[in-house]
Amino acid sequence: MAGAGSGKSRAVKTKRQVELPCEIPVTGAVISGAIDLLLSVDDTDKIQDAKVVDFKTMQGGPDAVTNPDLHWEGLSPQVQLYGRGADLVHGANARTGAVHLLKNSQRIEVLVDQDAVDTAVANVEWAVSRITEGDFPSAHPRRSASVATLPGCAPRR
């Protein structure tokens, strides 16, 4: 391998994994899905950073972040939960993520830090608890028309 043992650093490799299945345990349920794309950058053959990308067959319009037809309160938590799945199931420390809108090739960054992931899990656990108690909510009480009111759901600018 070029540079091995010569004091030179090896070239950074980019790994791409597609349709990675994952099951994420939460209180009272298991979330099952497939990560559309997991990108990782690695220069020591170990995953050091990973990015979860979720593809959607949608169009973002001139400003996808403020487009009222895109429901970020649903799109962002999915990416955040996949970040948790990448970590738990595949050992990839996914702390960044994005929604990629296929119809006009826009990629919108989504926060996937621990607080955002914990909030996404808490929202799912809240919904599961309501459903198992026979109460079928249409929305989390903290959710409103503005995604900024639900922590961790607003896309990054």
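Numbering of residues starts from 1 in each chain and follows the order in which that chain's sequence is written. Thresholds applied to this predicted model are a pLDDT of at least 70 for local features of residues and 80 or more for the giving and counting of side-chain atom pairs; totals over whole chains, interfaces and linings are not thresholded and use all residues. Water and hydrogen atoms play no part in the side-chain values, which are based on all heavy atoms of the structure.

### What about the overall build of the protein chain?
Inclusion rule: Strands are runs of DSSP state E lasting at least 2 residues, helices are runs of H or I lasting at least 4, and numbering of each runs from the N terminus. Buried residues are those whose accessible area, probed at 1.4 Å on protein chains only, stays under 20% of the maximum for their type, while exposed residues exceed 50% and partly exposed ones sit between those limits. In what follows, a contact means two residues having at least one pair of non-hydrogen atoms within 4.5 Å. Shrake-Rupley sampling with a 1.4 Å probe provides the accessible areas, and residues are treated as covered by the protein chains on show and by no other component.
Regarding its fold elements, the protein chain presents two helices and five strands. The secondary structure elements of the protein chain, listed N-terminal to C-terminal, are β-β-β-α-β-β-α. By the burial criterion, 37% of the 157 residues in the protein chain qualify as buried. By sequence separation, contacts in the protein chain at least 24 residues apart represent 58% of the contacts at least 6 residues apart. On the protein chain, roughly 8700 Å² of surface is accessible, and the fraction owed to carbon and sulfur atoms is 53%.

### Quick look at the pattern of salt bridges
Short version of the rule: A pair is scored as a salt bridge if a Lys or Arg side-chain nitrogen falls within 4 Å of a carboxyl oxygen belonging to Asp or Glu.
In total, this model carries five salt bridges according to the counting rule given. Note that Arg-84 and Asp-118 form a salt bridge whose closest N and O atoms lie 2.9 Å from each other. In this pair, Arg-84 sits in helix α1 (residues 72-90) while Asp-118 sits in helix α2 (residues 114-132), placing the two residues 34 residues apart along the sequence. Asp-118 sits in the partly exposed class, given a relative accessible area of 35%. Among the ionic pairs, Glu-133 bridges to Arg-130, the shortest N-O distance being 2.3 Å. Taken together, the shared-partner salt bridges in this structure form one network comprising Arg-130, Glu-133 and Asp-135.

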